[in-house]
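Residue-level structure breakdown
So you can see what is in the structure, the chains are spelled out below.
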Amino acid sequence: MNRLNGNAPSRPRIGVLALQGDFAEHIHMLGLIGITAVEVRKVQQLSEIDGLIIPGGESTTIVKLLTRFDFIDGLRSQVESGMALWGTCAGMIVIARELTDPYPTPLGLIDIGVSRNYFGRQVDSFEQELVIKGIEGAPMQAVFIRAPIVNDVGVGVETLASVQNGVGTQAVAVKNGRILATSFHPELTRDTRLHELFVELATEAANDRIRISPDITEGTPSQA
Amino acid sequence: MATTISSSATQTNGTRGAQRWKEMSKPEVGDWRVKGGLAQMLKGGVIMDVVTPDQAKIAEDAGAVSVMALERVPSDIRRDGGVARMSDPDLISGIINAVSIPVMAKARIGHFVEAQILEALGVDYCDESEVLTPADNEYHIDKWQYKMPYVCGARNIGEALRRIGEGAAMIRTKGEAGTGDIVHAVTHARQILGDIRRLQNMPTEELMSAARDFQAPYELVVEVHRTGKLPVVNFAAGGIATPADAALLMQIGVEGVFVGSGIFKSSNPAKMADAIVRATTHFNDPDMLAEISRGLGTAMPGIEANKIPQADQLQTRGW
């Protein structure tokens, strides 16, 4: 990482993947908490950020464009070197380990199994209050749009929130280290608390990557 | 299905469009946010017209964010003439079963029973469309009555805000469908975006007269003045036939594109579809667009939209 300023930054650099989807809403939410986020359209930009949000959108489209524009390896290596990552809805699908659908092929950046369109079609989309571990105060208003669900939580992955349904309780918000995944869309509300949590994770990433000077990290990326 | 959905939002009959919009579009009313939210997820994407499940698969593989299920693409509707109606439910269900992306379908303007049928089929978005023959010469569908969200065409801010007042959760330009000629989509996009800029810069005392002139609900005029944008997602449609066409509309300021006849009337639909998807993402990058535009074969043949007599134009349908 080549930083102009060697001190720990008060504000991390955050990017929102802007290949398709509601990236503008995430950028707006980050703006509300004082972060000027960048639209990420090229893989080279990943080396200039401490945290990446993969927004809501169509997961098949986003996976296709990530592949078509050669993002996969770069994204994986940035995540391995400690970049914070958050997938909302389609973003959760994109970063999962496996899907119940044969298509698209997810990137496997967090150890969760995911069912796409779990709740049904658009007429079955809904909104509900959700208590989320680590988020203080009133429950968050969670907007589920053709939303996925986590049907398999891997070892080391923490469940932050779940919903009740016919077959029991299933996770809709999970976290592993600096990686966050949510089935719903905080960016469609005015509640910035999850974005604040993500900024903390990205700040951690920024500080972590800064502690080691570039010549020492050459070839040995720091690990969260 | 397994979950309960707030349906109280759809029960205020009798209030006027703008007041209803004001009541129903509050952030705490889930119905509106959930409907408009799907359109938010489609942004930066391409919605493609398809007439068979196989075409729907090709569109999905190419990266379409959604498909519009139709019996005939607009250029064929234009060529064949006659009355154009909602598609056969078998065809729509076949397409719904073939893909995992959202499926849209068209109902005739004012034909609320076609809309009821589409909702019963599980269609994700209804296009109350001028491409089909209108069923009502005066009234559009009361779109608040449905859990299924609607997209409607518009040529100017008044038309856009009237549709939103009726409950549309997404707007698209009308363009002139089935021509492969971009000129009217450009005109309508410039008109709508220009109208928005004018409203935004207006002193507040002029807004009521502007609402009168635009024949638009006052509350929505005030909302546009305040925010500088439509309260719903705004796509382009009507005549898009190449990656450059899609990028042109994106640079003018729309949030995504519909491609009707432009994909499956081109010589290599899979390639054209893929190229338009990539161009919609990198709409601002000329080097990328040059690369994307190479070797695509022939675009749809097209007809010059300015030579179509007014009586034969589809865009004048809608009130």
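So, here's what we can say about the structure.

Thresholds applied
Within each chain, residue numbers correspond to sequence positions counted from 1 in written order. The lettering of chains begins at A and the numbering of ligands begins at 1, in the order of writing. The model is predicted, so local features are restricted to residues of pLDDT at least 70 and side-chain atom pairs to those at 80 or more, both for listing and for counting; the totals for chains, interfaces and linings are taken over all residues. Hydrogens and waters are ignored; side-chain quantities use all the structure's heavy atoms. Only runs of H or I of at least four residues qualify as helices and only runs of E of at least two qualify as strands under DSSP, and these elements are numbered from the N terminus. Whether two residues are in contact is decided by their heavy atoms: any pair within 4.5 Å suffices. When two parts are put together, the accessible area they lose, computed with a 1.4 Å probe and summed over both, is reported as buried area. Any carboxyl oxygen of Asp or Glu within 4 Å of a side-chain nitrogen of Lys or Arg constitutes a salt bridge here. N or O atoms closer than or at 3.5 Å make up a polar contact, with two conditions inside protein: a donor-capable atom paired with an acceptor-capable one, and, for residues adjacent in sequence, both atoms drawn from side chains. Residues are grouped as follows: Ala, Val, Leu, Ile, Met, Phe, Trp, Tyr, Cys and Pro are nonpolar; Asp, Glu, Lys and Arg are charged; every other residue, Gly included, is polar. Remark: exposure states derive from per-residue accessible area (1.4 Å probe, protein chains only) relative to the maximum for the residue type, with buried under 20%, exposed over 50%, and partly exposed in between. DSSP bridges decide pairing: two strands pair if at least two such bridges lie between them. Each axis is a line fitted through C-alpha atoms, and for a helix only the stretch in contact is used; angles between axes span 0 to 180 degrees, taken between their N-to-C directions. Stacked, edge-to-face and tilted labels apply to pairs of Phe, Tyr and Trp rings (six-membered ring for Trp) whose centres lie within 6.5 Å, assigned for plane angles under 30 degrees, over 60, and everything in between, in that order. In our convention, an over-ring charge means Lys NZ or Arg CZ found within 6 Å of a ring centre and within 35 degrees of that ring's normal. Regarding the arc, it is the one traced by the directions from the helix axis to the C-beta atoms. Left-handed describes a crossing in which the near helix is turned anticlockwise from the far one by less than a right angle; the clockwise case is right-handed. Should an angle lie under 35 degrees it is considered roughly parallel, over 145 roughly antiparallel, and from 65 to 115 roughly perpendicular; all remaining angles are considered oblique.

1. Thoughts on the overall build of chain A
Along chain A, the regular secondary structure elements total six helices and 12 strands. In chain A, the proportion of contacts linking residues at least 24 apart, taken out of those at least 6 apart, comes to 64%.

2. Remarks on the interface of chain B and chain A
Listed by partner, the interface residues are 43 residues for chain B and 40 residues for chain A. When the two sides are added together, the surface that chain B and chain A hide from each other amounts to roughly 3,400 Å², 57% of it contributed by carbon and sulfur. Taken together, the connections running from chain B to chain A amount to seven salt bridges. With its nearest N and O atoms 2.9 Å apart, the salt bridge here joins Asp285(B) to Lys42(A). The tally of links between chain B and chain A comes to 22 residue pairs in polar contact (both at pLDDT 80 or more). Breaking the side of chain B that touches chain A down by element, the ones donating at least two residues are helix H2 (30-42), helix H3 (53-62) and helix H13 (269-281) of chain B. Considering each element in turn, the side of chain B that touches chain A owes the most residues, nine residues, to H2(B). Residue classes in the side of chain B that touches chain A are distributed as 20 nonpolar, 12 polar and 11 charged.

3. Some details on the pairing of strand E1 (residues 14-17) of chain A
Residue and element names in this part refer to chain A. Burial along E1 is two-sided: Ile14 and Val16 and Gly15 and Leu17, pointing in opposite directions, are all buried. Sheet analysis places E1 next to strand E3 (residues 51-54), joined by three bridges and oriented parallel. Bridging across to E3, Gly15 finds its partner in Leu52. The pairing of E1 with strand E2 (residues 38-40) spans three bridges and is classified as parallel. Within E2, the position partnered with Leu17 by the bridge is Val40.

4. Observations regarding the environment of Gln141(A)
Assignment of secondary structure puts Gln141(A) in strand E8 (residues 140-144). Counting along the chain gives 48 residues from Gln141(A) to Thr189(A), while the straight-line C-alpha distance between them is 7.4 Å. Filtering out sequence-adjacent residues up to four positions away, Gln141(A) remains in contact with Glu127(A), Gln128(A), Glu129(A), Thr189(A) and Arg33(B). Of note is the side chain of Gln141(A), whose polar atom sits 3.3 Å from the side chain of Glu127(A).

5. Here we look at the sheet that holds strand E7 (residues 233-235) of chain B
Residue and element names in this part refer to chain B. The parallel open sheet is built from eight strands, whose spatial order is E7-E6-E5-E4-E3-E2-E1-E8. The sheet is open, and its two borders are formed by E7 and strand E8 (257-259), each paired with just one other strand. When the angles between neighbouring strand axes are averaged without regard to direction, this sheet yields 30°. With three bridges connecting them, strand E6 (residues 170-173) and E7 associate as parallel partners. Bridge assignment links Met170 to a residue of E7, and that residue is Val233. Relative to strand E5 (residues 150-154), helix H7 (residues 157-165) is tilted by about 160°, and along the sheet it contacts E5 and E6. Along the sheet face, H13 touches strand E1 (46-50) and E8 and points at about 160° away from the line of E1.

6. Some points on the packing of aromatic side chains
Considering all chains together, one arrives at nine aromatic pairs over all chains under this definition. Measuring from ring centre to ring centre gives 5.7 Å for Phe144(A) and Phe184(A), while their planes differ by 55°; the resulting arrangement is tilted. Of this pair, Phe144(A) sits in strand E8 while Phe184(A) sits in the loop between strand E12 (179-182) and helix H5 (193-211), and the two are 40 residues apart along the sequence. Comparing Phe144(A) with Phe184(A), the two get one shared label, buried. Ring geometry for Tyr146(B) against Tyr150(B): centres 5.4 Å apart, planes inclined by 75°, an arrangement best described as edge-to-face. The same class applies to Tyr146(B) as to Tyr150(B), namely buried. Taken together, the ring pairs in this structure connect Tyr118(A), Phe119(A), Phe126(A), Phe144(A) and Phe184(A) into an aromatic cluster. Between Lys57(B) and the ring centre of Tyr103(A), over which it is positioned, the NZ or CZ distance is 5.4 Å.

7. Some thoughts on helix H6 (residues 112-121) of chain B
Three or four residues apart is the spacing at which side chains of an α-helix point the same way, because the helix has 3.6 residues per turn. What H6(B) keeps buried is the set Glu114(B), Ala115(B) and Leu118(B). All buried residues of H6(B) fall inside an arc of 100° around its axis, so they share one side.

8. Remarks on the packing of helix H9 (residues 207-214) of chain B against helix H10 (residues 218-227) of chain B
Residues and elements named next belong to chain B. One way to put it is that H9 packs onto H10 with a least axis distance of 9 Å and a crossing angle of 115°. The handedness of the crossing between H9 and H10 is right-handed. The residues of H10 that touch H9, namely those facing Leu207, Met208 and Ala211, are Tyr218, Val221, Val222 and His225. When grouped by side-chain class, the residues that make up the contact of H9 with H10 number six nonpolar, one polar and no charged.

9. Points about the packing of helix H8 (residues 183-201) of chain B against H10(B)
Residues and elements named next belong to chain B. Remark: H8 packs on H10, axes separated minimally by 7 Å, with the N-to-C direction vectors making an angle of 85°. Taken together, the axes of H8 and H10 lie roughly perpendicular to each other. On the side of H8, the interface is formed by Ile196, Leu199 and Gln200, while H10 contributes Val221, Val224 and His225. Across the contact of H8 with H10, the residue classes tally to four nonpolar, two polar and no charged.

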